[in-house]
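What follows is the residue order along each chain.
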Amino acid sequence: MLIPVILSGGAGTRLWPVSRSAYPKPFMRLADGESLLYKTLDRALAVADGGHVLTVTGRDYYFLTRDEYAAHPQADLDRLPFLLEPAGRNTAPAILLAAHYALQHISPDAVLLVLPADHLIRQLDRFAADVARARALAEDGWLTTFGIPPTHAETGFGYIHLGAAIAGREGREISAFVEKPKKETAEAYLAGGDHVWNSGMFCFRADALLQAAAEACPAVHQAVLACHAAATSHESPVEYAREAFLAQPDISIDYAVMENAARRAVVPAGFDWSDIGSWKAVSELEAESDEQGNRVRGQAILIESSNCYIQSDKRMVAAVGVKDLVIVDTDDAVLVADRERAQQVKLVVDRLRADK
Ligand code: GDD
Ligand code: MG
């Protein structure tokens, strides 16, 4: 039984001032008015068996998330259980807790499809076809990830070294994971052609994952087990005893399990994929650019300016004689950044936190 697990965690600090801790990236609306979270639920429901979708998120986001879900015409809230975190402990605890919940409360045959809530995928038919491939591998016991053919030497992603083809299945073995390599390494991978990006989406049998976790990271496994046992209620929204939750190590599923597990597979993705990681990535989603390469969402006047991205919900923004800028205007903050340095916007958030 295929059960999507939506992970909705981090604040996405590189998308300040729109993404904030009170209103993080998954709630950010795209030009069509839909949030990334809503779109994630939509693709989850497109492949879920029986309409069951699990969501692991911070307790502060419970009501906002439910409101997003309630707006979906196919959503049956009784089949959308929530696991609420008192604080983030990264993806290993989140996914392993979901595995325990799914086995115990939904189906002993649960196959999990892990979907981060801040990715954008537009080609839903191709997505569903690749999910079917990954599911077939998962049902055979493979811990499966989706690999994205790289388009540039990105250093913000993990890379997967493709191994042997898997007989009778559409997928490859994984010979190695390399998390966020240096620029020169990423360039070599891109040129070599036998690496794909780790999408951070996974498909595995819940029992196979827990078994692999018990072998690869026994301390994490034990802490998660203790936390699961300390759930204060098994009705949705599930909450955990704070101490047991915080006692779990802060570690990603990549480091804790995938890097050391035995049977790992990758399905090279045939669908479009974007991890909306920075304003540069957001700006590339706006299809329409003017002749000078400017993209605008909202109202702006550009005079002799080129290659800028401007987003403004209410006020008019005017720019004269500038190039390669990102300008984002919100009610209480304005961002002006060099397009190519959009990754560094997170430093603004670090500074704001330090000044608090
Ligand atoms: N519920 C929950 N709780 N979700 C979490 C938590 C948590 O504590 N921590 C992270 N997440 C969610 C994030 O919201 C995001 O959707 C996803 O899990 C991945 O976490 P990131 O923090 O964005 O990871 P990353 O960008 O460093 O790297 C991962 O994703 C890349 C692709 O986007 C790795 O898997 C890389 O290898 C991969 O290339
Ligand atoms: Mg990320």
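**Looking at the pairing of strand β14 (residues 309-320)**
- Alignment of strand β13 (residues 295-303) against β14, held across 8 bridges, turns out to be parallel. Bridge pairing in β14 places I303 opposite V320.
- Where β14 meets strand β15 (residues 325-329), 4 bridges bridge the pair, whose relative direction is parallel. The residue bridging I310 from the neighbouring strand is I327, located in β15.

**Some thoughts on the domain arrangement of the protein chain**
- Its domain assignment divides the protein chain into domain 1 (2-275) and domain 2 (279-355).
- Computed over C-alpha atoms only, the centres of domain 1 and domain 2 are separated by 30 Å.
- Contact residues are listed per partner, giving 17 residues for domain 1 and 21 residues for domain 2.
- Interface of domain 1 and domain 2: buried area, both sides summed, is about 1500 Å²; carbon and sulfur atoms make up 63% of it.

**Some points on the site of ligand 1**
- Around ligand 1, the surrounding shell holds 23 residues, and the nearest of these are N90, E179, K180, N198 and D275.
- Here a nitrogen atom of ligand 1 sits 2.9 Å away from a polar atom, N or O, in the main chain of V56.
- A distance of 2.8 Å separates a nitrogen atom of ligand 1 from a polar side-chain atom of E85.
- Elements supplying a minimum of two residues to the shell around ligand 1: β1 (2-8) and β9 (195-205).
- Per-element accounting of the shell around ligand 1 gives the leading share, 3 residues, to β9.
- The residue makeup of the shell around ligand 1, split by class, is 5 nonpolar, 11 polar and 7 charged.

**A few points about the pattern of salt bridges**
- Under the definition given, this model contains 19 salt bridges.
- For D207, the salt bridge is made with R205, and the minimal N-O distance between the two is 2.8 Å.
- E340 is paired through a salt bridge with K280; the nearest N and O atoms lie 3.8 Å apart. Placement of E340 in the loop between β16 (334-338) and α11 (345-355) and of K280 in helix α10 (residues 279-285) is noted, with a sequence separation of 60 residues between them.
- Assessed through its relative accessible area of 25%, K280 is described here as partly exposed.

**Thoughts on the environment of L37**
- Summarising the element assignment, L37 is placed in helix α1 (residues 36-47).
- Expressed as a C-alpha distance, the spacing of L37 and S199, which sit 162 residues apart in the sequence, is 17 Å.
- When sequence neighbours within four positions are dropped, the list of residues in contact with L37 reads I6, S8, P26, F27, T65, E68, Y69 and A117.

**Considerations on a nonpolar patch on the surface**
- A contiguous nonpolar surface patch, about 370 Å² in accessible area, is contributed by I301, I303, M316 and V320.
- Contributions of two or more residues to the nonpolar patch are made by β13 and β14.
- On the basis of relative accessibility, which here comes to 41%, the residue I303 falls in the partly exposed class.

**Here we look at the sheet that holds β13**
- With respect to topology, 4 strands assemble into an open sheet ordered β13-β14-β15-β16, the strand pairing being mixed. Taken across any chain shown, the strands that pair with only one partner, and hence form the sheet edges, are β13 and β16. Ignoring which end each strand starts from, the neighbouring axes of this sheet average 20 degrees apart.
- Taken together, the 5 bridges between β15 and β16 define a ladder with antiparallel strand orientation. Across the sheet, the residue bridging to V326 is A337, located in β16.

**Regarding the nonpolar core**
- One finds L83, L112, F204 and V257 to be the most contacted residues of the largest nonpolar core, which totals 47 residues.
- Here the element with the most residues in this core is helix α3 (residues 91-106); it accounts for 9 residues.
- In contact with V257, other than residues within four places in its own chain, are L143, L209, A212, A213, A216 and C217.
- By size, the runner-up hydrophobic cluster in this structure holds 43 residues, among which are L37, Y61, I121 and M201.

**Concerning the layout of surface pockets**
- Size it by volume and the second largest pocket reaches roughly 320 Å³.
- Around the second largest pocket, the lining comprises 17 residues; the ones closest to its centre are V18, D313, D329, T330 and D331.
- For the lining of the second largest pocket, the element with the most residues is β14, which contributes 4 residues.
- Class assignment of the residues belonging to the lining of the second largest pocket gives a composition of 6 nonpolar, 2 polar and 9 charged.
- There are two domains that each give the lining of the second largest pocket at least three residues, and those are domain 1 (2-275) and domain 2 (279-355).

**A few points about the side chain of E154**
- Among the secondary structure elements, E154 is positioned in the loop between β6 (143-148) and β7 (158-165).
- The charged side chain of E154 is buried without a salt bridge, its nearest counter-charge being R14 at 6.1 Å.
- One polar contact links the side chain of E154 to the main-chain amide nitrogen of G156, over a distance of 2.9 Å.
- The contact partners of E154, leaving out residues within four places of it in the chain, are Y159, A186, W197 and Q343.

Cut-offs applied
- Residues numbered from 1 in each chain as written.
- Chains lettered and ligands numbered in written order.
- Predicted model: local features only at pLDDT ≥ 70, side-chain atom pairs only at ≥ 80, totals over all residues.
- Heavy atoms only, no water.
- Pairing = 2+ DSSP bridges.
- Helix = DSSP H or I, 4+ residues; strand = E, 2+ residues; numbered from the N terminus.
- Domains from an automatic or database assignment.
- Contact = heavy atoms within 4.5 Å.
- Buried area = accessible area lost by both parts, 1.4 Å probe.
- Near = heavy atom within 4 Å.
- Polar contact = N/O pair within 3.5 Å; in protein donor to acceptor, adjacent residues only side chain to side chain.
- Nonpolar A, V, L, I, M, F, W, Y, C, P; charged D, E, K, R; others polar.
- Salt bridge = Lys/Arg side-chain N within 4 Å of Asp/Glu carboxyl O.
- Buried < 20%, exposed > 50% of the residue type's maximum accessible area, 1.4 Å probe, protein only.
- Patch = residues over 30% accessible without salt bridge, like charges linked within 9 Å, V, L, I, M, F, W, Y side chains within 5 Å.
- Areas by Shrake-Rupley, 256 points an atom, 1.4 Å probe, with all protein chains shown as cover.
- Axes fitted to C-alpha atoms, helices over the stretch in contact; angles between N-to-C directions.
- Core = buried A, V, L, I, M, F, W, Y, C linked by side-chain atoms within 4.5 Å.
- 1 Å grid on protein atoms, 1.4 Å probe; cavity = no way out; pocket = protein on both sides within 12 Å on 5 of 7 lines; lining within 4 Å.
- Points joined across faces, edges and corners; volume = space filled by probe spheres on them.
- Lys, Arg positive; Asp, Glu negative; His and termini not counted.

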